[in-house]
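# Overview (structure and organization)
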Amino acid sequence: MKVFFVILVLVNGLSARLLSEDELTGLFKKVLRNQASENDLSVINDVFHIYRPTYLMKTQGTHTRTTLNCLLCRSIFSALIDMVEENQSEQNLINAITTICSTLGIVSPKSCSGVASRTFCGLLFQTATNPNSCVSNDPRFEWTVDLPEPSEFIETKFPQSNSKPLKIALITDAHIDPFYEPNGVADCDDPTCCRKGQTPRTLTYNYDLLETYVDRSLSNVGDTYMLDLDAATRIKGVNIVSRNNNISPPAGYWGDYRNCDSPIWAYDDVIERIASAHKDIDVVYYIGDNIDHHIWETTFEMINDVNRYIIDKMRKEFGDDVLIVPCIGNHESQPTNQFAPSSIKGDKLNTTWLYEALIEKWDHYLTEEAKITILDKGAFTRLVKPGLRVISINSNIAYRNNWWLVYDPLEAKRHLEWLVSELYKAEIAGEKVHILSHIPPGVHDLMYTWTREYNRIVNRFSKTITAEFNGHLHSDEFKIFYNGTDPVAMAWGVGSSTTYSDYNINYKIATIDNDTFKPVNIVNYIYNLTEANLRPNRRPHWFQLYDVRSSFGIPDLSPASLDNLVYRMVTNQTQYLDLYNAFYSKLSDKRWQNCNDNCKIDNLCKTVVTVLWERSKCEELRSLYFSTKL
């Protein structure tokens, strides 16, 4: 049957123009060496006509689209690797592709062989659900972290000056756009809009037909994918309607649900609201991502200015006596997402410039020891009060869009080894620990090995770690860590102080027991963006969205209680699933009403996945829920 299929493909190839991965790589090599003929350039143009619609699609992550992205990525990257191995000049590399030349310029043939292209693309296009979407099989990524045996100690009781619970303000993902323009263009031709100087979107597409042609552009012969170049002709023929009069509503004053970042005054309002409404806060955890999503326009100077503004505003409003413990987000670096190993010393090629700048800005809140580890890793630990330690880790090192992962996968291991060391010290001292990590565990943005090893670490130190807080996703969600079937730890998503994309702005107040340092309750506060933009001259109307315990009817915030809640959501109390779904987008006018049953279960599934691709509990929840629908 397979032979018959191959014959059919070959016969079809007499009329169709089919291109293999090797042939595509060869074409890119010619292009990058300026050796391409007019026919070669015409073929490349057709390839990009097939590829371009993939980032316009309303439904992302289909197998065909992922494979197409993977195919193109591998071909380009393989051609670039060949240039590096041929000792091409740096200027030739820059001319080849400016967006990754700085990284490629330091990769030696010894460290970066042909497997690098597969690894880079495998990370870039990995999905949350399918480990085989863009396989790399790079053995350098298979490592484990050594864990110490549990120490023998008598749990220490730290005398507290009073039994008053600790109040912690939780803030994340400000994403300030210094060039935000109220009433500006919110529907533009750029990936991110609402900033000065942009023009309205000029084209729109028949998306359904476009998706059909893209999905039919690949043929599969055994383990080989063939790209049908004739799909380019069909894609070019899809209705592209010129829009002379853009009727999309302008950008709102307080932000916009569309792909727009936050104006400075929206961030100011969040901080001023917390300072005025919660005068009893003791500590602030800020979980990172200060910089906007206009990643093609960021500069060192702009990043430096925004990073300074974020911390200075909080210090001004909260006062010098309120401790702020920050965490680095993936958007703080330049280029965005790039966090080099400490062994990289080149000026502005390494990440030292960022770490040095943050040490200077955060100086009021840092110990001398913390400054040393930030300079080395972008991570630090400090005592909040006797008995409670916070560890702010730099999970961006393991971010799939951090190209340095391909250069040195073991840097991620070294970061986790440092975390283990700090947790062990805390365990011996009888301290409890809160972990701040910008990127949550188990999501597809983190490399698999990191999520697996991090899960092992949390299991090992579950008696020491009493809470974890995350940002990055902008949605409001939590995660449960399991040891086998037993729930052992919790990670709490903080949400976002931006509406990008399609979320209401929020912050949270966590009440922490003064003896156990476990969360007693977490309360979420939001405002509705649509309402706020109707009254641009008045401050937004903030209100309490929920508190975890009363809203979900649980006795406490223990892993066992949340595990029980999740199972009730899919069996006998499905009203709580509806509630969780509404809270997930923070009652966004653009999201929660449009989420069907599959969407609700997809959102809930994320609560029980802390290791990438380990989805057995997710599938159990899905099965239980839909069995009640029969």
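Residues numbered from 1 in each chain as written. Predicted model: local features only at pLDDT ≥ 70, side-chain atom pairs only at ≥ 80, totals over all residues. Heavy atoms only, no water.

### Description of the overall build of the protein chain
A count of helices and strands for the protein chain gives 22 helices and 17 strands. When burial is assessed residue by residue, the protein chain has 56% of its 630 residues classed as buried. Contacts in the protein chain between residues at least 24 apart in sequence constitute 72% of all its contacts with a sequence separation of at least 6. In the structure as shown, the protein chain presents an accessible area of about 26,800 Å², 51% of it carried by carbon and sulfur atoms. (Helix = DSSP H or I, 4+ residues; strand = E, 2+ residues; numbered from the N terminus. Buried < 20%, exposed > 50% of the residue type's maximum accessible area, 1.4 Å probe, protein only. Contact = heavy atoms within 4.5 Å. Areas by Shrake-Rupley, 256 points an atom, 1.4 Å probe, with all protein chains shown as cover.)

### Here's the deal with the packing of helix α21 (residues 597-605) against helix α22 (residues 616-627)
Where α21 contacts α22, the axes come no closer than 9 Å and their chain directions differ by 145°. Crossing geometry of α21 relative to α22 is assigned as right-handed. Every residue of α22 that contacts α21 at D597, N598, I601, D602, L604 and C605 is listed here: C618, L621, R622, Y625 and F626. (Axes fitted to C-alpha atoms, helices over the stretch in contact; angles between N-to-C directions. Left-handed = near helix turned anticlockwise from the far one by under 90°.)

### Quick look at the packing of aromatic side chains
All told, the structure shown has 20 aromatic pairs when counted by the stated rule. On the numbers, 5.2 Å between centres and 15° between planes, the contact of Y507 with Y525 is stacked. Here Y507 is found in strand β15 (residues 506-512), whereas its partner Y525 is found in strand β16 (residues 519-526), with 18 residues between them in sequence. Each residue in the set Y180, Y253, W254 and W265 is aromatic and connected to the rest through ring pairs, giving one cluster. The ring centre of F461 lies 4.2 Å from the NZ or CZ of R460, which sits over that ring. Sitting over the ring of Y482, K617 keeps its end group 4.2 Å from the ring centre. (Phe/Tyr/Trp six-rings, centres within 6.5 Å; stacked < 30°, edge-to-face > 60°. Lys NZ or Arg CZ within 6 Å of the ring centre and 35° of its normal.)

### A word on unusual backbone geometry
A cis amide bond, omega -5°, links Q334 with the succeeding residue P335. Here P335 lies in the loop between β8 (323-326) and α12 (352-361). Cis geometry is found at the peptide bond from Y500 to S501, where omega equals -20°. If you trace the backbone, S501 turns up in the loop between β14 (486-493) and β15. Phi is positive for D502, which is not a glycine, with a value near 70°. With respect to the helices, strands and loops of the structure, D502 is situated in the loop between β14 and β15.

### Here's the deal with the packing of helix α19 (residues 559-569) against helix α20 (residues 575-584)
Interaxial distance between α19 and α20 falls to 7 Å at its minimum, and their mutual angle equals 110°. On the basis of the axis angle, α19 is roughly perpendicular to α20. Mapping the contact onto sequence places L565, R568 and M569 in α19 and Y576, L577 and Y580 in α20. Among the residues forming the contact of α19 with α20, the class breakdown is 5 nonpolar, no polar and 1 charged. (Parallel < 35°, antiparallel > 145°, perpendicular 65-115°, else oblique. Nonpolar A, V, L, I, M, F, W, Y, C, P; charged D, E, K, R; others polar.)

### Comments concerning the sheet that holds strand β10 (residues 388-393)
With mixed pairing, 6 strands are arranged side by side in an open sheet as β9-β10-β11-β12-β14-β13. Edge positions in the sheet fall to β9 (380-385) and β13 (478-483), since each of these pairs with one other strand and no more. Within the sheet, the average angular offset between the axes of one strand and its neighbour, ignoring direction, is 25°. In the sheet, strand β11 (residues 432-437) pairs with strand β12 (residues 465-470) via 5 bridges, with the strands oriented parallel. (Pairing = 2+ DSSP bridges.)

### Some thoughts on empty space enclosed by the protein
Throughout the structure, instances matching the rule amount to 7 cavities of 30 Å³ or more. Roughly 100 Å³ of internal volume is contained in the largest cavity. Looking at the largest cavity, the residues that line it are D476, E477, F478, W492, G493, K508, I522, Y546, V548, F552, Y580 and F583. The set of elements that each furnish at least two residues to the lining of the largest cavity consists of β14, α18 (548-552) and α20. When grouped by side-chain class, the residues that make up the lining of the largest cavity number 8 nonpolar, 1 polar and 3 charged. (1 Å grid on protein atoms, 1.4 Å probe; cavity = no way out; pocket = protein on both sides within 12 Å on 5 of 7 lines; lining within 4 Å. Points joined across faces, edges and corners; volume = space filled by probe spheres on them.)

### Some remarks on the pairing of β15
Within a regular strand, side chains alternate between the sheet's two faces. Where burial is concerned, most of β15 is hidden: 7 out of the 7 residues are buried. One ladder, built from 5 bridges, connects strand β2 (residues 166-171) with β15; its direction is antiparallel. Paired with L166 across the bridge in β15 is I512. Strand direction decides the pairing type here: β15 and β16, joined by 7 bridges, are antiparallel. Of the residues in β16, the one forming a bridge with T511 is N521. Counting the residues between successive antiparallel strands, the hairpin from β15 to β16 contains 6 residues, one of them, F517, with a positive phi of roughly 60°.

### A closer look at the environment of C260
The topology assignment puts C260 in the loop between β6 (240-242) and α10 (264-277). We classify C260 as buried; its relative accessible area is 0%. Leave out the neighbours within four places in its chain, and C260 touches Y180, A186, T192, C193, C194, T498, T499 and Y500.

### Observations regarding the sheet that holds β8
The 6 strands lie next to each other as β8-β7-β2-β15-β16-β17, forming an open sheet whose pairing is mixed. Either end of the sheet is taken by a strand with one partner, and the two such strands are β8 and β17 (543-547). Each adjacent strand pair in this sheet contributes to an overall mean axis angle of 25°, direction not counted.

### So, helix α2 (residues 21-32)
Given 3.6 residues to a turn, an α-helix orients residues that are three or four positions apart in the same direction. Here α2 is 12 residues long and its end C-alpha atoms lie 16 Å apart, about the 16 Å a rise of 1.5 Å per residue gives. Among the residues trailing α2, N34 stands out with phi positive, at a value near 60°. (Expected span 1.5 Å × (residues − 1).)

### What about the confidence of the model for the protein chain?
Residues of the protein chain with pLDDT of at least 70 account for 87%, and the chain-wide mean is 87. Scored below 50 in pLDDT, residues 1-15 shows 8 contacts in the model against residues more than four places distant or in partner chains. Scored below 50 in pLDDT, residues 97-115 shows 28 contacts in the model against residues more than four places distant or in partner chains. (pLDDT = per-residue confidence, 0-100.)

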